[in-house]
Amino acid sequence: MNDELKFHEYNKNLQPYARNLRGSMTKAQACLWKYALRAKSMRGFSFRRERPVLNFIADFMCMELMLVIEVDGISHTWTETIRKDRIKDKVLCVAGFLVLRFTDNEVLTQMNAVIERISFEIDEIIAERASR
């Protein structure tokens with residue numbers, strides 16, 4: 001991956017906030033990281049935790065795939081948070097990212113299904129690129 005793509009849309013101004021969030025992941029985020037995304041365990045692709053992108057911090061991001069994964073806790077049921085999530089998703093999609101959202105409960109109780117969904121989306125991304 002070239003350096004330009006590696007840092008595509010990286011927002012260094014959010015770096016201190018992202019560093020803080022990496023140190024205080026939720027249980028669901030920690031489980032998804034440990035069992036699915038760290039150390040290139042998801043189909044050999046590298047994911048980053050709490051990655052500053054545009055004016056947001058993505059829970060998990062794979063730059064090579066332009067894939068963002070968000071894990072939503074209880075606060076994501078509040079009307080204002082839902083509105084902000086929709087804006088975040090739209091802005092990231094316009095920038096070329098695919099955004100996948102899972103609830104804490106999905107990650108904690110249906111980890112295999114979450115992993116299957118992420119794997120399916122990776123296959124779709126790869127297939128789309130191959131058809132270009």
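This write-up is about the structure you can find in this document.

Some words on the sheet that holds strand β1 (residues 48–53)
Pairing is mixed across the open sheet formed by 4 strands, whose spatial order is β1-β2-β3-β4. Each end of this open sheet is capped by a strand with a single partner; those strands are β1 and β4 (98–103). The mean angle between the axes of side-by-side strands here comes to 45 degrees, regardless of whether they run parallel or antiparallel. Strand direction decides the pairing type here: β1 and strand β2 (residues 56–62), joined by 5 bridges, are antiparallel. Following the sheet pairing, Pro52 is matched in β2 by Ile57. In the packing of helix α6 (residues 111–130) onto the sheet, the strands contacted are β3 (67–72) and β4, and the crossing angle to β4 comes to about 175 degrees.

Section: the pattern of salt bridges
Any two side chains of opposite charge can pair if their charged atoms end up close together. Taken as a whole and judged by the stated rule, the model has 8 salt bridges. For the salt bridge of Asp89 with Arg101, the shortest nitrogen-to-oxygen distance reads 3.0 Å. Taken together, the residues span a long stretch of sequence, with Asp89 in helix α4 (residues 79–94) and Arg101 in strand β4 at a distance of 12 residues. Residues joined in a network through salt bridges with shared partners are Asp72, Asp85, Asp89 and Arg101.

So, the nonpolar core
With 23 residues, the main nonpolar core has Leu32, Leu37, Phe47, Ile69 and Ile118 as its most contacted residues. The element best represented in this core is helix α3 (residues 27–37), accounting for 6 residues. Those residues in contact with Ile69 that sit more than four places away from it in its chain are Leu32, Leu37, Phe47, Asp59, Phe60, Leu100, Phe102 and Ile118. In terms of nonpolar packing, the next biggest core, distinct from the first, is built from 10 residues, Val53, Phe56, Met63 and Leu92 among them.

The rules behind these values
Residues numbered from 1 in each chain as written. Predicted model: local features only at pLDDT ≥ 70, side-chain atom pairs only at ≥ 80, totals over all residues. Heavy atoms only, no water. Pairing = 2+ DSSP bridges. Helix = DSSP H or I, 4+ residues; strand = E, 2+ residues; numbered from the N terminus. Axes fitted to C-alpha atoms, helices over the stretch in contact; angles between N-to-C directions. Contact = heavy atoms within 4.5 Å. Salt bridge = Lys/Arg side-chain N within 4 Å of Asp/Glu carboxyl O. Core = buried A, V, L, I, M, F, W, Y, C linked by side-chain atoms within 4.5 Å. Buried < 20%, exposed > 50% of the residue type's maximum accessible area, 1.4 Å probe, protein only.

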